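Here is how the chains run, residue by residue.
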Amino acid sequence: MTAVSAPPIEKWQDVVPYLLAVDQGWHNLATGMPLELPAISDAVREAFRAAVADPSFTSRVTRYHGVHGDAELREQLAARYAERFSLPVSGANVLITPGAQAAFHYISELMADRGRKVVLFGPEYPGYLTHRDVAYDMVPAEVVREGDDEFRYVPPRGALSSDVGAVVVSRPSNPAGNVISDEALAELARECAEIGALLVVDNAYAPVVPGLAFRELGMPWADNVVLVQSFSKAALAGERLGFVIAPEPLIELFGGFQAQVATFPPQLVQLAVLILLRDDRYLDLCHRELRESYRQRHQLIREVLDERLRVPFWLHASDGGQFRWLHLPELKTSTSELFHELKDRGVLIAPSAPFYLPHLHGEPHARRSMRIGVTATHAEIEHGLGILAEVVNAGR
């Protein structure tokens, strides 16, 4: 049994060591590791083989390159998003980045230069907090019930003050899997424009790449909108490749920050991705097989909790992505404290507090919720949630 003195898990850095934990006898439902599918991994392997055999290989790996990324890849990505969402974009609106995380640092760097703060709507991914000279604020999202045991988080209207320089939202979100509606996102973009702020939308799970949203969604576009995309969830997590789609003046600003940090993004993976995008096979695998695997796991979590939990619970509506968000309204302790008891029983979950800034840790959803990763095996999900139910049913 864990010692009583074990501190609650309330900071993101306290969760991070467990996210990659494997082969330690734990059912790891805390992890954010993307799901692996052999068909997509095989397609990526073929693309890298073709990249190494490409006549441009030597010049790509032995020379310095432009900070904005491969010109042909930028045009290909712009064409894909223009076709899918009718966005008025070209390659000049695309910046290739060494991972999507880099883009959030560039945004924070811009806010530091402008002396403006960044606002999040809790719960939200804490990895957006990248800069010590930026003031980050968080406003709790409104909780809207859907049916008897589901709910949705909705950004509150009128929550932005004149000192806000950027609002960051993930869609589908990490941790809740929430997809903010097109209408609500458009309204938020207008609110941001009124105060001269950017709306930054993290589309790490959204179409076109990788396309893991379970509902149709549009994509906002305006002079103050920044779209951050990632290949990490589509079998390329280890290669750290992301991209930004934004108005050209913002792309130039972010490119300037990238030049100071990374000089230019890696070349071989850009060529491999360009090869993957030259036909529809790779994206079709993401949209059909990968998304369906995530959907099955989302449903499995619902079925196991329905069967095993004997206490009231709410699940966030299943909108997509690689997490389900569970709220236990009658939990006597906090999930930050429950973490240790579950860990001792061989189950890892991500408690809700790290997805809120400290001033909101007393909020019910910050105390009594948890993020459940869906990328473990079906057996691990069933066993891990069974133990979770035993602990919670026992009166915790």
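Residues numbered from 1 in each chain as written. Predicted model: local features only at pLDDT ≥ 70, side-chain atom pairs only at ≥ 80, totals over all residues. Heavy atoms only, no water.

1. A word on the pattern of salt bridges
Here comes step 1: Summed over the entire model, instances satisfying the criterion amount to 22 salt bridges.
Here comes step 2: The salt bridge involving Arg-302 is made with Asp-149; its shortest N-O contact spans 3.1 Å. With Arg-302 in helix α10 (residues 281-308) and Asp-149 in the loop between β5 (142-146) and β6 (150-154), the pair connects residues that are 153 residues apart, well separated along the chain.
Here comes step 3: Between Glu-307 and Arg-308 there is a salt bridge; the shortest N-O distance is 3.8 Å.
Here comes step 4: A single salt-bridge network, built from bridges that share partners, covers Asp-149, Glu-150, Arg-302, Asp-306 and Arg-324. (Salt bridge = Lys/Arg side-chain N within 4 Å of Asp/Glu carboxyl O. Helix = DSSP H or I, 4+ residues; strand = E, 2+ residues; numbered from the N terminus.)

2. Here's the deal with the nonpolar core
Here comes step 1: In this structure, Val-167, Phe-231 and Tyr-282 are the most contacted members of the largest nonpolar core, which totals 88 residues.
Here comes step 2: Per element, the largest residue contribution to this core is ten residues, and it comes from α10.
Here comes step 3: The contacts of Val-167, once residues within four sequence positions are left out, are Val-119, Phe-121, Leu-160, Leu-188, Cys-192, Leu-198, Leu-199 and Val-200.
Here comes step 4: With 48 residues, the next largest nonpolar core counts Tyr-18, Leu-120, Val-226 and Val-228 among its residues. (Core = buried A, V, L, I, M, F, W, Y, C linked by side-chain atoms within 4.5 Å. Buried < 20%, exposed > 50% of the residue type's maximum accessible area, 1.4 Å probe, protein only. Contact = heavy atoms within 4.5 Å.)

3. Quick notes on the packing of α10 against helix α13 (residues 378-393)
Here comes step 1: At their nearest, the axes of α10 and α13 sit 10 Å apart, and the two run at 30° to each other. In terms of axis orientation, α10 runs roughly parallel to α13. The hand of the α10/α13 crossing is right-handed. Between α10, through Gln-296, Arg-297, Leu-300, Ile-301, Val-304, Leu-305 and Arg-308, and α13, the contact on the second element is made entirely by His-378, Ile-381, Glu-382, Leu-385, Gly-386, Ala-389 and Asn-393. (Axes fitted to C-alpha atoms, helices over the stretch in contact; angles between N-to-C directions. Parallel < 35°, antiparallel > 145°, perpendicular 65-115°, else oblique. Left-handed = near helix turned anticlockwise from the far one by under 90°.)

4. A short note on the packing of aromatic side chains
Here comes step 1: Tallied over the entire structure, the rule returns 14 aromatic pairs.
Here comes step 2: Relative to Phe-323, the ring of Tyr-205 has its centre 6.4 Å away and its plane inclined at 90°; by these criteria the two rings are edge-to-face. Of the two residues, Tyr-205 sits in the loop between β8 (198-202) and β9 (225-230) while Phe-323 sits in strand β12 (residues 323-327), which places them 118 residues apart along the sequence.
Here comes step 3: When its relative accessible area of 2% is taken as the criterion, Phe-323 is described as buried.
Here comes step 4: Aromatic ring contacts, followed pair by pair, group Trp-12, Phe-104, Tyr-125, Tyr-128, Trp-325 and Phe-355 into a single cluster.
Here comes step 5: The lysine or arginine in question, Arg-295, covers the ring of Phe-214, its NZ or CZ lying 4.8 Å from the ring centre. (Phe/Tyr/Trp six-rings, centres within 6.5 Å; stacked < 30°, edge-to-face > 60°. Lys NZ or Arg CZ within 6 Å of the ring centre and 35° of its normal.)

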